[in-house]
Amino acid sequence: MSQKSSTATAVKEKIEDAGLGMDLITFEVMRNAFVAACYEASTTIERIAYHPVIGMGRDRSNAILTPDARLVAHGHTDAAAHYASFEPSVQELLKDISRESMKPGDTFLFSDPYRTGSHVNDTRMIRPIFFRGQIVAFACTVIHWADMGGPLPGTFNPEATSCYAEGIRIPPIRLFKENKLDEELFSLIAINIRGSIERRADLQAQFEASSLIDRRVVELCERYGVETLFQAYEEQFNYTERMMLAELAALPDGTWQFEDFGDQDVMSPGKPPIRVHCVMTKKGTKLTFDWTDSDKQPRASWGGTRATLIGGTYLGFMICFPSLFPLNHGIVRNLEIISKRGTCVDVDFPAPTTGYCSGAFDKIEAVTIACLGGPLGKVQPWRVYPAAVSLTNLCMGGFNPRTKKEFVQYTYAVGGENARTFKDGKSLIFMRFCNARTIPQELEERWFPVVYTAYEARVDSCGHGMRRGGFALVRELEVQTDVTMTIHGDREKFGPFGLSGGLNGGGSMLIVNKGTDREFNAGMYATGVELKKGDKIYYSSSGGGGFGNPLDREPELVLEDVKDEWLSVAAARDFYGVVIDEVDAEACDFRIDEKATASLRANMRKTGFAEGTAPYQLHPLGKHILPGWVPTEEEVKPHITISRPAGW
């Protein structure tokens with residue numbers, strides 16, 4: 001043992017009443033070093049990766065795991081949809097490849113939704129980290145490859161009825177040996193995917209990120225010793241566990257349930273909706289999520305594997321308990337998640353899974369948050385959230401006449417976030433996945449044969465409420481060459497739900513050649529649509545769910561939204577009961593008719609809003625989630641400042 005590690009060992013001591021078995025300073029240094037290494041690896045990927053969805057969109061993540069595959073840390077700006085895939089990925093790797101056969105410089109590639117969760121596009125690179133001949137950790141990097149083969153550019157296939165129509169799955173393979181790429185193995189992958197030269201650049205970014213984490217962990221071993229490293233793992237798990245159990249102990253016991261729906265199973269007769277249902281039980285410090293009453297697995301690509309179910313539940317939990325960030329095994333080992341194989345949240349092989357975030361994962365997350373709103377609303381109502389924008393995946397492929405190369409464009413929807421109990425929702429951005437950034441239209445125009453003709457908020461698209469949801473983002477693209485287009489999304493028919501009397505958000509939409517005699521609504525499951533040069537795509541995200549009765553919103557705030565062109569005068573009247581006179585729109589001269597407003601609101605309170613799960617309706621379950629009180633923004637500020645770490 002080095003002098004430095006001997007010194008570190010010598011200063012270990014029991015911290016009274018803190019439960020730590022090592023000195024507090026070393027613990028904090030190690031705990032933050034783990035996260036910093038992952039964050040540094042993520043920024044490395046951003047700099048090196050080729051495809052814009054990785055570099056600018058941040059569809060990437062990095063993690064450190066123990067030698068027995070327990071999650072230690074991930075980065076502050078990593079993709080929340082990847083969190084739960086780290087542990088099963090390394091656990092499944094170790095089932096196929098023994099630790100004894102691993103050597104320094106080995107790095108494995110792995111992408112199999114049935115074993116790792118998510119979908120085939122999310123490729124994982126796993127690297128054992130050695131120190132003096134011993135595996136002391138694993139690095140796991142995840143990025144979304146823009147294409148993994150299959151019949152459609154981008155691999156998303158809403159009409160797939162098995163995984164064999166969704167690109168190639170990759171079992172754990174030793175792709176790098178002694179830090180050198182196995183060209184023969186990679187050629188087998190490359191010949192089956194589009195843009196293999198680009199994907200090789202993305203692969204190199206993953207390798208550099210995993211190598212960086214390797215170096216950072218080795219540096220910690222050299223400075224503090226392996227014994228201290230291993231102890232820091234355990235202390236971090238125990239510390240997070242204590243924080244989590246303290247949070248749960250402060251909540252009332254009980255049972256809560258909620259459900260949400262996917263728009264349709266497009267490959268089943270009648271295209272029925274898909275129900276996701278959870279019963280959450282809280283007793284003492286034990287929290288159980290039971291998903292067994294969810295619908296059977298759909299024929300089309302919408303459902304998720306059990307690893308996906310676990311991931312959606314973890315994300316919903318972390319959104320409600322941000323002070324526990326980042327996720328690690330101390331949380332994982334304390335959440336009980338029950339499911340039934342063959343349901344939409346725990347599909348059986350060979351069910352299709354590319355829908356992932358737009359399908360089952362999104363609904364699992366939203367339902368988890370709604371269930372937690374029951375106990376949280378009684379003691380910490382600022383942690384009660386309606387549903388937010390659903391991810392939708394727009395993919396186009398073809399030949400780019402400017403670059404003289406084939407291309408695959410992947411653009412996801414961003415837009416209306418949920419209202420809060422104390423504040424309106426954010427518009428035009430995507431917060432729940434923590435990492436995701438809107439890819440600048442200028443960058444997409446540079447990389448792909450498209451020109452943006454509109455990039456703006458969609459008027460009236462929010463979930464109306466005392467605190468309204470955020471507004472959806474509309475992008476209109478004109479294609480500059482013939483392309484094959486696929487949209488794999490959701491939330492067109494079932495808007496993001498509102499709570500406590502707030503209305504559901506506006507739905508997603510994709511319309512081709514809007515406003516012309518060639519207009520058609522492609523919906524959220526259009527598969528392999530052939531577009532011609534000059535065609536326009538009107539692509540909008542969904543709005544965020546609202547909180548509280550819209551008739552309780554201050555008329556002055558409604559007026560401001562009208563002046564800012566978020567709301568129309570008609571929506572102000574129809575949803576908020578605020579009558580606004582348009583004196584001079586050009587001069588932004590709008591005025592509230594107070595007498596007419598008072599009369600209209602009185603009549604609307606008698607009739608109420610239409611109940612249902614469609615956009616702009618009053619959700620029949622959401623209306624019953626009522627917090628103990630409605631906090632003010634000033635009351636909430638101290639809690640938000642303290643509990644929300646960087647990147648959230």
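That block above? That's the structure.
Here is a short report on the structure shown in this document. (Residues numbered from 1 in each chain as written. Predicted model: local features only at pLDDT ≥ 70, side-chain atom pairs only at ≥ 80, totals over all residues. Heavy atoms only, no water.)

Observations regarding the overall build of the protein
Thinking step 1. Each helix and strand in the protein was counted, giving 16 helices and 22 strands.
Thinking step 2. A globule of 648 residues ought to have a C-alpha radius of gyration of about 26 Å, and the protein, at 25 Å, matches this closely.
Thinking step 3. If one aligns the C-alpha atoms of the protein with their principal axes, the spans along those axes are about 80 × 65 × 50 Å.
Thinking step 4. Counting the 648 residues in the protein, one finds 62% classified as buried.
Thinking step 5. Taking contacts inside the protein between residues at least 6 apart in sequence as the whole, the part at least 24 apart equals 74%.
Thinking step 6. For the protein, the computed accessible surface area is about 23,500 Å², with 52% contributed by carbon and sulfur atoms.
Thinking step 7. In the protein, 71 positive and 84 negative side-chain charges are present, and the distance between their average locations comes to 3 Å. (Helix = DSSP H or I, 4+ residues; strand = E, 2+ residues; numbered from the N terminus. Rg over C-alpha atoms; globule rule 2.2 N^0.38 Å. Buried < 20%, exposed > 50% of the residue type's maximum accessible area, 1.4 Å probe, protein only. Contact = heavy atoms within 4.5 Å. Areas by Shrake-Rupley, 256 points an atom, 1.4 Å probe, with all protein chains shown as cover. Lys, Arg positive; Asp, Glu negative; His and termini not counted. Charge placed at Lys NZ, Arg CZ, Asp CG, Glu CD.)

Some remarks on the pattern of salt bridges
Should their charged atoms come close, side chains of opposite charge can pair.
Thinking step 1. Tallying each qualifying case throughout the model produces 44 salt bridges.
Thinking step 2. Close ionic contact of Glu-247 with Arg-383 constitutes a salt bridge, the shortest N to O distance being 3.3 Å. Residue Glu-247 is located in helix α8 (residues 226-249), and its partner Arg-383 is located in the loop between α11 (360-379) and β12 (393-400); the two are separated by 136 residues in the primary sequence. In this structure, Glu-247 and Arg-383 share a single accessibility class: buried.
Thinking step 3. Residue Asp-362 is joined to Lys-363 by a salt bridge in which the shortest nitrogen-to-oxygen separation is 2.9 Å.
Thinking step 4. In this structure Lys-363 comes out as buried when scored by relative accessible area, which is 0%.
Thinking step 5. Through salt bridges that share partners, Asp-260, Asp-362, Lys-363, Asp-490 and Arg-491 make up one connected network. (Salt bridge = Lys/Arg side-chain N within 4 Å of Asp/Glu carboxyl O.)

As for the nonpolar core
Thinking step 1. In terms of nonpolar packing, the biggest core is built from 161 residues, with Phe-34, Trp-291, Phe-317, Met-485 and Leu-510 touching the most fellow members.
Thinking step 2. Among the elements that take part in this core, helix α7 (residues 196-224) stands out by supplying eleven residues, more than any other.
Thinking step 3. With 18 residues, the next largest nonpolar core counts Cys-462, Leu-551, Val-558 and Val-578 among its residues. (Core = buried A, V, L, I, M, F, W, Y, C linked by side-chain atoms within 4.5 Å.)

A closer look at helix α13 (residues 555-563)
Thinking step 1. Buried within α13 are the following residues: Val-558, Leu-559, Asp-561 and Val-562. When α13 is viewed along its axis, its buried side chains cluster within an angular range of 160° and face the same direction.
Thinking step 2. Turning to α13, the residues buried within the fold contact α14 (569-576), β21 (580-584) and β22 (589-592).
Thinking step 3. Positive phi shows up at Glu-565, right after α13, with a value of about 65°. (Arc of directions from axis to C-beta.)

Regarding the environment of Thr-368
Thinking step 1. Inspection of the secondary structure puts Thr-368 in helix α11.
Thinking step 2. For the pair formed by Thr-368 and Thr-77, sequence separation is 291 residues and the distance between their alpha carbons is 22 Å.
Thinking step 3. In this structure the side chain of Thr-368 is engaged in a polar contact, spanning 2.8 Å, whose partner is the backbone oxygen of Ile-364. (Polar contact = N/O pair within 3.5 Å; in protein donor to acceptor, adjacent residues only side chain to side chain.)

Considerations on the environment of Ile-193
Thinking step 1. When you line up the elements, Ile-193 lands in the loop between α6 (183-190) and α7.
Thinking step 2. Contact partners of Ile-193, with chain neighbours within four places excluded, come to Trp-145, Asp-147, Met-148, Gly-149, Ile-168 and Arg-199.

Description of the sheet that holds strand β8 (residues 254-262)
Backbone hydrogen bonds hold the strands of a sheet together, and the pairing may be parallel or antiparallel.
Thinking step 1. In space, the four strands of this open sheet follow the order β8-β9-β10-β11, with mixed pairing throughout. Each end of this open sheet is capped by a strand with a single partner; those strands are β8 and β11 (335-338). In this sheet, neighbouring strand axes are inclined to one another by 15° on average, regardless of whether the strands run parallel or antiparallel.
Thinking step 2. Across the sheet, α11 touches β8, β9 (274-283) and β10 (286-290), and the angle it forms with β8 is around 150°. (Pairing = 2+ DSSP bridges. Axes fitted to C-alpha atoms, helices over the stretch in contact; angles between N-to-C directions.)

A closer look at the pairing of strand β3 (residues 107-111)
Thinking step 1. The buried fraction of β3 amounts to five of the five residues, a majority that puts the element mostly inside the structure.
Thinking step 2. Going residue by residue along β3, you find Thr-107, Leu-109 and Ser-111 tucked away on one face and Phe-108 and Phe-110 tucked away on the opposite face as well.
Thinking step 3. Sheet topology note: the β3/strand β6 (residues 170-177) ladder contains four bridges and is antiparallel. Residue pairing across strands places Thr-107 opposite Phe-176, the latter belonging to β6.
Thinking step 4. Relative to strand β4 (residues 122-131), β3 is paired through three bridges, and the arrangement is antiparallel. Bridging across to β4, Phe-110 finds its partner in Arg-124.

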